[in-house]
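# Descriptive analysis of the structure
One letter stands for each residue in the lines below.
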Amino acid sequence: MPNSPEQFAAQLIEELDLSERARAGARERPYVALNMISTADGRATLSGRSGEIGDEADKRLFHGLRTLVDGVMVGAGTVRAEGYHRLIRDPAARKRRRERGLAEEPLACIVSGRLALDGRVPLLADPQARVAIVTTSQASLPDGCRAQIEYVRCARDGQIDLVAAMRELRARFDITTLLCEGGPHLNAHLLAAGLVDELFLSLAPTLAGGDATSESLRIVSGVDLTPPVAMELLSTHEHESHLFLRYRVPGGSSTTSV
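Criteria and thresholds
Residues numbered from 1 in each chain as written. Predicted model: local features only at pLDDT ≥ 70, side-chain atom pairs only at ≥ 80, totals over all residues. Heavy atoms only, no water. Core = buried A, V, L, I, M, F, W, Y, C linked by side-chain atoms within 4.5 Å. Buried < 20%, exposed > 50% of the residue type's maximum accessible area, 1.4 Å probe, protein only. Contact = heavy atoms within 4.5 Å. Axes fitted to C-alpha atoms, helices over the stretch in contact; angles between N-to-C directions. Helix = DSSP H or I, 4+ residues; strand = E, 2+ residues; numbered from the N terminus. Left-handed = near helix turned anticlockwise from the far one by under 90°. Nonpolar A, V, L, I, M, F, W, Y, C, P; charged D, E, K, R; others polar. Salt bridge = Lys/Arg side-chain N within 4 Å of Asp/Glu carboxyl O. Pairing = 2+ DSSP bridges.

## What about the nonpolar core?
- Counting 39 residues, the largest nonpolar core has Ile110 and Val131 as the members making the most contacts within it.
- Residues in contact with valine 131, not counting those within four places in the same chain, are Leu107, Ala108, Ile110, Leu123, Leu124, Ala147, Gln148, Ile149 and Glu150.
- Among the nonpolar cores identified, the runner-up in size contains 34 residues, and Val163, Met166, Leu178 and Leu199 belong to it.

So, in structure tokens, the structure goes:
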């Protein structure tokens, strides 16, 4: 593999086949890939943020994966903690998406059961951003949110029905490939619902210690996966002691709510 972080990430992205995999079978929902990073001892965040863990290659891969998909899903807590901006700000990246036959930017899909968001989040303050809010709430975001916002209101027993939400994202917005960037609780619910097709895991050569708390989450938290979800390793790459792993996740159950 090339040595520079930019070349390394670009080659990895070029080798991926998410669209081909999405077309491989008839689906009522998007093809879903999780993208997460972890320290060697399992920490998904440092000081409440995942961005503190990765190196330059991971950061370029993080943004590169966004150029391949129709939508990017993320939990409201992660949006707030990481200070999400518009998903594709680089004109060259938008051009690459057009060349792949995609819209210039993926649809930002924010999961927020209580609609706990406001216009201080840069993504929601940007009038050019396209956002779908997955929620149980019948309310709308305040006027300070200037993004182009749609609502996917899917409730089951008072909780978000992720299965129904995925079907609506596919039918209403033509989302065939969806990248989920966490957080760990959303990951757990997606996995428990059998809604995940693969996992990209960046493993940093770092030990962070600490107890399992809200400030030191693992990549999957909050829900016991019973039985544990078995995965198949598809590829592994190394760059300056960081490992980049790709797993296939077998399908699971067909219904759940969170």
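Okay, back to it.
## Observations concerning the packing of helix H1 (residues 5-15) against helix H3 (residues 56-66)
- Close contact between H1 and H3 brings their axes to 8 Å; oriented N to C, the two are set at 35°. The way H1 lies across H3 gives a crossing that is right-handed. Two secondary-structure elements touch here, H1 through Pro5, Glu6, Phe8, Ala9, Leu12 and Ile13 and H3 through Glu56, Ala57, Arg60, Leu61, Gly64 and Leu65.
- Broken down by class, the residue content of the contact of H1 with H3 amounts to eight nonpolar, one polar and three charged.

## Considering the pattern of salt bridges
- Per the counting criterion, the structure on display carries 15 salt bridges.
- Residues arginine 98 and glutamate 104 are paired through a salt bridge, measuring 2.6 Å at the closest nitrogen-oxygen approach.
- Assessed through its relative accessible area of 36%, glutamate 104 is described here as partly exposed.
- We note a salt bridge from arginine 246 to glutamate 198, for which the minimum N-O separation is 2.6 Å. Residue arginine 246 is found in strand E11 (residues 242-248), and its partner glutamate 198 is found in strand E9 (residues 198-204); the two are separated by 48 residues along the sequence.

## Regarding the environment of leucine 199
- For leucine 199, the position within the fold is in strand E9.
- Taking the C-alpha atoms as reference, leucine 199 lies 21 Å from glutamate 6; in sequence the two are 193 residues apart.
- Not counting residues within four places of it along the chain, the set of residues in contact with leucine 199 comprises Leu34, Ile219, Met231, Leu245, Arg246, Tyr247 and Val249.

## Regarding helix H8 (residues 184-192)
- Restricting attention to buried positions, one finds in H8 the residues Pro184, Leu186, Asn187, Ala188, Leu190 and Leu191.
- Structurally, H8 contributes buried residues whose contacts are with strand E1 (31-39), strand E2 (71-75), strand E3 (107-111), helix H7 (162-173) and strand E8 (177-180).
- A positive backbone phi angle near 70° is found at glycine 194, which sits one or two residues after H8.

## With respect to the environment of glutamate 198
- On the basis of relative accessibility, which here comes to 0%, the residue glutamate 198 falls in the buried class.
- Distance in space between the C-alpha atoms of glutamate 198 and glycine 251 is 9.7 Å, their sequence separation being 53 residues.

## Overview of the sheet that holds E11
- Taken in spatial order, the nine strands line up as E5-E4-E3-E2-E8-E1-E9-E11-E10 in an open sheet, and their pairing is mixed. On the outer flanks of this sheet lie strand E5 (148-153) and strand E10 (232-239), each paired with one strand and no other. On average, adjacent strands in this sheet sit at an angle of 20° to one another, irrespective of strand direction.

## Some details on the pairing of E8
- Taking every second residue as pointing to the same face, both faces of E8 are buried, with Thr177 and Leu179 on one and Leu178 and Cys180 on the other.
- When E1 meets E8, the two strands line up parallel, connected through four bridges. Note on E8: the bridge partner recorded for leucine 34 is cysteine 180.
- Sheet topology places E2 next to E8; three bridges connect them, and they run parallel. Paired with valine 72 across the strands is leucine 179, a residue of E8.

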